Amino acid sequence: MIQKFINHTLSNLGIPVRTGFLSRDGTHVFSKTWYGMYGAKSNCAPLVIVHGGPGGNSTSLVRTLKALSQDRQIIFYDQYGSGKSNLFNPQQEQNNPYKTEYFVDELRLVLKTLAPQGAHILGHSWGNVPLFEHLVDDGQCVSAVFSSPLLDSQTWMNDSKRLLLNMAMDERVLSRDKEAAIEMLNLNISHDFYMKEERTEKEDKHMARYGPALDAFYQKHCSGKQGALPKVPFLYRLGDFIVPAPDLPAKLGESYLEMWGPTELQCTGTLKEYTATARLSQIAHIPTLLTCGRDDTATPETVRKFATMIGENTKVEIFENSAHWPHVSENEKYRHVLNEFFKQAE
């Protein structure tokens, strides 16, 4: 009882009750995963959080969801190559480490070590890729929450371009940058171009032309009406848009570039051909909730299609005053929806 009281007190103060590193093995390119936990073990299944990115972290999700630790343990971790976990060292590994299977193995390590009796699992954005791949390969969980899910890369790009085109057609939103926004829809610049450390003056001007239009797109469809988007490293720069914040290691932007690409509009990385759509029905037996914001890059139309593909018992929740971060802009409702869903699943 005393330990439970201490754990709840620490959680209320915003202090994890436990942090540490999980080691896979000494030869693995990413040998250590940093994790944290809120709350004490209880009769309720814990919640494991799989953050977005690639290359993001759990900070905003944990800030909202740690309040649920009054009933259940909240387990979060920084994925390979981001946050406090190991960053990629090319001297350790000749092959490209930014592949889905690395992150699926990492999620399974977290579940096996920290939640061996089962857990609810929540993925946000890209975090739904390792979540789904875990589940579809006979993985188990008490329930699954696909929050603003990436489950098909081509659909994500098509939706993002359609959203940008809609903005370009609205003079109130993108009057000055309308021409640049429309040009962006037809861009197919190589991955190597975006990865260049130095560009010519002409190339810099070419890239900077699209900055204001892209910033407006991120403001509307990532941060949303509340303007509450945290400054994550892969979303901020006029130019190539992929420079980490000054207080973060430079490598943190690399995961996004290597796995996704330069912007939400164009996937040039290892996720370029990713799709789960033909296999979604294979998780129909798992209690599943899909969520997104009304102005999300994971659009309500696409999320509802995914839910139909999974099965008729899949639940959907659209947050009307949010874009890609409803856990930030509508945090109280987000907590309530999840809490009710978890109780029903148990």
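In this text, all values refer to a predicted model and were calculated from it rather than measured experimentally.

**Focus on the confidence of the model for the chain**
Then comes step 1: Confidence in the prediction for the chain averages 79 pLDDT; 69% of positions are at 70 or higher.
Then comes step 2: This model gives residues 26-30 a pLDDT under 50, and the stretch forms 15 contacts once residues within four places in sequence are excluded.
Then comes step 3: The low-confidence segment residues 226-250, where pLDDT is below 50, has 60 contacts with residues more than four positions distant or belonging to other chains.

**Observations regarding the pattern of salt bridges**
Then comes step 1: All told, the structure shown has six salt bridges when counted by the stated rule.
Then comes step 2: With a shortest N-O distance of 2.6 Å, Arg72 and Glu346 are connected by a salt bridge. Of this pair, Arg72 sits in the loop between α2 (59-65) and β4 (74-77) while Glu346 sits in the segment after α14 (331-345), and the two are 274 residues apart along the sequence.
Then comes step 3: The partner of Arg294 in a salt bridge is Glu320, with the nearest N and O atoms 2.6 Å apart. Taken together, the positions of Arg294 in the loop between β7 (288-293) and α12 (300-310) and Glu320 in the loop between β8 (315-319) and α13 (326-329) put the pair 26 residues apart, joining distant regions of the chain.
Then comes step 4: A relative accessible area of 31% means that Arg294 is categorised as partly exposed.

**Looking at the nonpolar core**
Then comes step 1: One finds Val48, Phe132, Leu135, Phe146, Phe217, Trp260 and Leu271 to be the most contacted residues of the largest nonpolar core, which totals 59 residues.
Then comes step 2: Considering every element that reaches this core, the biggest residue donor is helix α3 (residues 100-114), with seven residues.
Then comes step 3: Discounting residues that sit within four places of it in the chain, Trp260 has contacts with Pro54, Leu150, Ser153, Trp156, Met157, Ser255, Gln266, Cys267, Thr268, Gly269 and Leu271.

**Remarks on the pairing of β4**
Then comes step 1: Burial along β4 is two-sided: Ile74 and Phe76 facing one way and Ile75 and Tyr77 facing the other are all buried.
Then comes step 2: Of the pairings in the sheet, the one linking strand β3 (residues 47-50) to β4 comprises three bridges and is parallel in character. Within the sheet, the bridge partner assigned to Leu47 lies in β4 and is Ile74.
Then comes step 3: In this view, the connection linking β3 to its parallel neighbour β4 by way of α2 has right-handed handedness.

Conventions used here
- For every chain, the first residue of the written sequence is number 1, and numbering continues from 1 onward in sequence order.
- Whole-chain, interface and lining totals are the exception, using all residues; otherwise, since this is a predicted model, local features are given only for residues with pLDDT of at least 70 and side-chain atom pairs are given and counted only at 80 or more.
- Based on all heavy atoms of the structure, the side-chain values leave hydrogens and waters out of the count.
- For every residue, the pLDDT score states the predictor's confidence, bounded by 0 at the bottom and 100 at the top.
- Residue contacts are defined here by distance: any two heavy atoms, one from each residue, within 4.5 Å place the two residues in contact.
- Note on definitions: salt bridges are taken to be side-chain nitrogens of Lys or Arg within 4 Å of carboxyl oxygens of Asp or Glu.
- Secondary structure elements follow DSSP: runs of H or I no shorter than four residues count as helices, runs of E no shorter than two count as strands, and numbering proceeds from the N terminus.
- Only protein chains enter the calculation, and the probe is 1.4 Å; a residue is then buried if its accessible area is under 20% of its type maximum, exposed if over 50%, and partly exposed in between.
- We call a set of buried Ala, Val, Leu, Ile, Met, Phe, Trp, Tyr and Cys residues a nonpolar core when their side-chain atoms join them within 4.5 Å.
- Think of it this way: DSSP has to see at least two bridges between two strands before they count as a pair.
- A clockwise path from the first strand over the helix to the second, with the strands pointing away from the viewer, defines a right-handed crossover.

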